[in-house]
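Take a look at the letters that make up each chain.
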Amino acid sequence: NDIQPDMRRFCIQYNGRIAGRMAAELLWWQTDHSKQVVVASGIKDKGIHAEMVSGFFEQLQYTPLSVACVYHNYDSEEIAYQETNRVLQEYPDIGGIYVNSFNSVNVIRSIKEHGLAGKIRVITSDIYEELRGNIRNGVVNASIFQDQYTQGRLGLRLLYQTVAENLDVDDRTLISPQIILRSNMELFD
């Protein structure tokens, strides 16, 4: 990941800007346009999470959703839960939530506890067993896959090329995000 750009030889990460744009478009297709949406982000104003938020807002020129707020969970499950509770109380009639980090379990738990499962559209990131169940039962409408395996494989290959073969590699390699739906989830085992 691109944690310290001034101290690295190269970076492998998925295209957060495009992922954010995809999430906004997915919510546009699935959400009652009279309702507002919310973005639940990881770390504020930093790296990949900031790129996803930026891409989300960039897409709004084509899919003009009304955004109630962007809140940050700082990759803390407890903060994600508390902030989602706060947002759902403050905006009881939202139409959708985009969770741009792996940290969606407690966002989903809060949605369920508020009796909103299946009533608001939820777009998450990545895939893991608990998330699979929530996609199957319709609590989560789609997830945007970051393909960590490919990121790691390419990272090791490029590391070898820079160290052992002394080759110059691209400064930044972006992995294309993919949409996971109930209908194609079996492809992401």
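For clarity, every value in this text was computed on a predicted model and none was experimentally measured. (Residues numbered from 1 in each chain as written. Predicted model: local features only at pLDDT ≥ 70, side-chain atom pairs only at ≥ 80, totals over all residues. Heavy atoms only, no water.)

Break down helix H6 (residues 148–163) for me, citing the residues and quoting the values.
Over its 16 residues, H6 runs 22 Å from end to end, which matches the ideal 22 Å to within 8%, given 1.5 Å per residue. Listing the buried residues of H6 in full gives Thr-150, Gln-151, Leu-154, Gly-155, Leu-158, Gln-161 and Thr-162. Summarising the axial view, the buried residues of H6 lie within an arc of 130 degrees, below the 170-degree limit, and thus occupy one face. Away from its buried face by more than 90 degrees, H6 exposes Tyr-149, Leu-156, Tyr-160 and Val-163. Contacts from the buried residues of H6 go to strand S1 (11–14) and strand S7 (172–175). (Helix = DSSP H or I, 4+ residues; strand = E, 2+ residues; numbered from the N terminus. Expected span 1.5 Å × (residues − 1). Buried < 20%, exposed > 50% of the residue type's maximum accessible area, 1.4 Å probe, protein only. Arc of directions from axis to C-beta. Contact = heavy atoms within 4.5 Å.)

I'd like to hear about the confidence of the model for the protein chain, residue by residue, with values.
Across the protein chain, the average pLDDT comes to 92, with 95% of residues at 70 or higher. Ranking the elements of the protein chain by mean pLDDT puts S1 last, at 84, and strand S4 (residues 96–99) first, at 98. (pLDDT = per-residue confidence, 0-100.)

Pulling in residues and values, what's your account of the sheet that holds strand S5 (residues 121–125)?
Ordered by their spatial adjacency, six strands build an open sheet running S3-S2-S4-S5-S6-S8, and the pairing between neighbours is mixed. The two strands at the open ends of the sheet, each matched to only one other strand, are strand S3 (66–72) and strand S8 (178–180). Mean inter-strand twist for the sheet, computed between neighbouring axes without regard to direction, equals 20 degrees. The strands touched by helix H2 (residues 47–59) within the sheet are strand S2 (36–41), S3 and S4, with S2 carrying the most contacts at an inclination of about 165 degrees. Most of the contacts of helix H4 (residues 105–113) go to S4, to which it runs at about 165 degrees, and overall it touches S3, S4 and S5. (Pairing = 2+ DSSP bridges. Axes fitted to C-alpha atoms, helices over the stretch in contact; angles between N-to-C directions.)

Please give an account of the pairing of S3 that cites residues and values.
Two strands pair when backbone bridges link them, and S2 and S3 are joined in this way by six bridges, in the parallel orientation. Looking across to S3, one finds that Gln-36 is bridged to Ser-66. A crossover links S2 with its parallel partner S3, the connecting element being H2, and its sense is right-handed. (Right-handed = clockwise from strand over helix to strand, strands pointing away.)

Can you break down a nonpolar patch on the surface residue by residue, with the values?
Side chains of Leu-156, Leu-159 and Val-163 sit close together on the surface and give an oily, nonpolar patch of about 320 Å² of accessible area. Within the secondary structure, Leu-159 is located in helix H6. (Patch = residues over 30% accessible without salt bridge, like charges linked within 9 Å, V, L, I, M, F, W, Y side chains within 5 Å. Areas by Shrake-Rupley, 256 points an atom, 1.4 Å probe, with all protein chains shown as cover. Salt bridge = Lys/Arg side-chain N within 4 Å of Asp/Glu carboxyl O.)

Run through the side chain of Thr-84, naming residues and quoting values.
Mapped onto the secondary structure, Thr-84 falls in helix H3 (residues 77–90). Among the polar contacts made by the side chain of Thr-84, one reaches the main-chain carbonyl oxygen of Ala-80 at a distance of 2.6 Å. Those residues in contact with Thr-84 that sit more than four places away from it in its chain are Tyr-71, Val-107 and Ser-110. (Polar contact = N/O pair within 3.5 Å; in protein donor to acceptor, adjacent residues only side chain to side chain.)

Report on the nonpolar core, specifying residues and quantitative values.
In this structure, Val-38, Ile-97, Ile-111 and Ile-120 are the most contacted members of the largest nonpolar core, which totals 27 residues. Taken together, the elements giving at least two residues each to this core come down to S2, S3, H3, S4, H4 and helix H5 (129–136). For Ile-111, the residues in contact, after removing those within four places along its chain, are Leu-88, Ile-97, Leu-116, Ala-117, Ile-120 and Val-122. Listed in part, the 24 residues of the second largest apolar core include Ala-23, Val-53, Phe-56 and Ile-123. (Core = buried A, V, L, I, M, F, W, Y, C linked by side-chain atoms within 4.5 Å.)

Provide a residue-level description of the pairing of S4, including the pertinent values.
Residues Gly-96 and Tyr-98 line one face of S4 and the alternating positions Ile-97 and Val-99 line the opposite face, and both faces are buried. The sheet contact formed by S2 and S4 spans four bridges and is parallel. Its bridge partner lying in S4, Val-38 is registered against Ile-97. Taken together, the three bridges between S4 and S5 define a ladder with parallel strand orientation. Bridge pairing in S5 links Ile-97 to Val-122.

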